Amino acid sequence: ERFEDHRICFDKRPDSIFSDVRLRQAVAYAIDQHELIALTRGEMAVPARGRVPSFHPAYAEGANAYEVDLDKARELLVEAGYPDGFSTEIFAPAGYRERVQEVQQIQRQLAQIGIDVEVVTLEWGTYLDVTAEGEAPMFRERWSAGVPEPISFIESWHSESSWNPIFGTYHNEEVDRLIEEIMRTVDSQERWALYQEVQEIAMDEVVSYPL
């Protein structure tokens, strides 16, 4: 068995606008997960919180869910020095109709807070190259993990993971330490608690935004 995680990734490299956590948080407060689910999945999905699904014991109930709050999003834009918003791009693979629909809806949602988003669709191979090389400020991603251990959901957040640069780069020494501790911890309850702690930190910093 496998379960899936759908999310928006950000390029967090120093030269990217989304290296500023406040701008990632502003985006998170402006996206309406319920609208996206109604648009593409109906009753077949629920809004995500963190990266591990709610039915798993490693689910991070305490992670910030970023309920829609356009006023908070605008405040964060002001704090970051963009009171009038800014222009950016969001990428999606052209061959996946639902993903394209979702980023088009996100484009409309972010326009409400003054972020002017251009939707860019590319064929799959080019999309992978562009996102991995840091040319996409935001991009729509899907990941899957085996049951019962969801380590691949968080392993990419480790600064030395080979996946880290592919998903926009991220470096947090505490997250690195916690992920390493998960790898060493045998007791499952202790391990699930570590998963939760990692997700709470990562959601505060909006490493990616779960859909």
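Up top is the structure.
Counting restarts for each chain, with residues numbered from 1 along the sequence as it is written. Local features in this predicted model are restricted to residues of pLDDT 70 or higher, and side-chain atom pairs are both shown and tallied only at a pLDDT of 80 or more, whereas totals for entire chains, interfaces and linings draw on every residue. Hydrogen atoms and water are omitted, and side-chain values are computed over all heavy atoms in the structure.

Q: I tried to follow a nonpolar patch on the surface on my own but got confused; where do I start?
A: Nonpolar side chains (Val, Leu, Ile, Met, Phe, Trp, Tyr) within 5 Å and like charges within 9 Å form the patches, drawn only from residues with over 30% relative accessible area and no salt bridge. Exposure was quantified through the Shrake-Rupley algorithm and a 1.4 Å probe, taking into account, for residues, occlusion by the shown protein chains and nothing else. Whenever Lys or Arg places a side-chain nitrogen within 4 Å of a carboxyl oxygen from Asp or Glu, that contact is recorded as a salt bridge. Residues Tyr96, Trp124 and Leu128 make up a contiguous nonpolar surface patch of about 270 Å² in total accessible area. With relative accessibility at 35%, the residue Leu128 sits in the partly exposed group. In this scheme, a residue with accessible area under 20% of its type's maximum is buried, one over 50% is exposed, and one in between is partly exposed, where area comes from a 1.4 Å probe on protein chains only.

Q: Got a minute to help me understand the pattern of salt bridges in this structure?
A: When their charged atoms lie close together, side chains carrying opposite charge are able to pair. Inspection of the entire model under this criterion finds nine salt bridges. The partner of Asp20 in a salt bridge is Arg22, and the shortest N-O contact between them spans 2.9 Å. The class of Asp20 is buried, set by a relative accessible area of 18%. Notably, a salt bridge pairs Arg177 with Glu181, separated by 2.9 Å at the nearest N-O pair. Taken together, the residues span about one helical turn, with Arg177 and Glu181 both in helix H7 (residues 173–184) at a distance of four residues. Take Arg177: its relative accessible area is 37%, and that puts it in the partly exposed class. Residue Glu181 is classed as partly exposed on the basis of its relative accessible area, which comes to 26%. Connected through shared salt-bridge partners, Arg41, Glu98, Glu102 and Arg140 make up one network. Counting from the N terminus, the helices are DSSP H or I runs at least four residues long and the strands are E runs at least two residues long.

Q: Teacher, can you tell me more about the environment of Trp163 here?
A: Along the chain, Trp163 turns up in the loop between helix H6 (151–155) and H7. Judged by relative accessible area, which is 34%, Trp163 ranks as partly exposed. A sequence separation of 31 residues divides Trp163 from Ala132, and the C-alpha atoms of the two residues are 9.1 Å apart. Discounting residues that sit within four places of it in the chain, Trp163 has contacts with Trp143, Glu155 and Ser156. Here, residues are in contact when the closest pair of their heavy atoms is within 4.5 Å.

Q: Help me out: how do you make sense of the packing of H7 against helix H8 (residues 188–204) in this one?
A: Interaxial distance between H7 and H8 falls to 9 Å at its minimum, and their mutual angle equals 160°. The orientation of H7 relative to H8 falls into the category roughly antiparallel. Crossing of H7 against H8: the hand is left-handed. Residue-level contacts link Glu174, Val175, Leu178, Ile179, Glu181 and Ile182 of H7 to Arg191, Leu194, Tyr195, Glu197, Val198 and Ile201 of H8. Polar here means any residue outside two lists: the nonpolar Ala, Val, Leu, Ile, Met, Phe, Trp, Tyr, Cys and Pro, and the charged Asp, Glu, Lys and Arg; Gly therefore counts as polar. Looking at side-chain class alone, the contact of H7 with H8 contains eight nonpolar, no polar and four charged residues. Lines fitted to C-alpha atoms define the axes, with helix axes restricted to the stretch in contact, and inter-axis angles between N-to-C directions lie between 0 and 180 degrees. To sort the angles, those under 35 degrees are grouped as roughly parallel, those over 145 as roughly antiparallel, those from 65 to 115 as roughly perpendicular, and the leftovers as oblique. Helix crossings get a hand from a simple test, with the near helix turned counterclockwise from the far one by less than a right angle marking a left-handed crossing and a clockwise turn marking a right-handed one.

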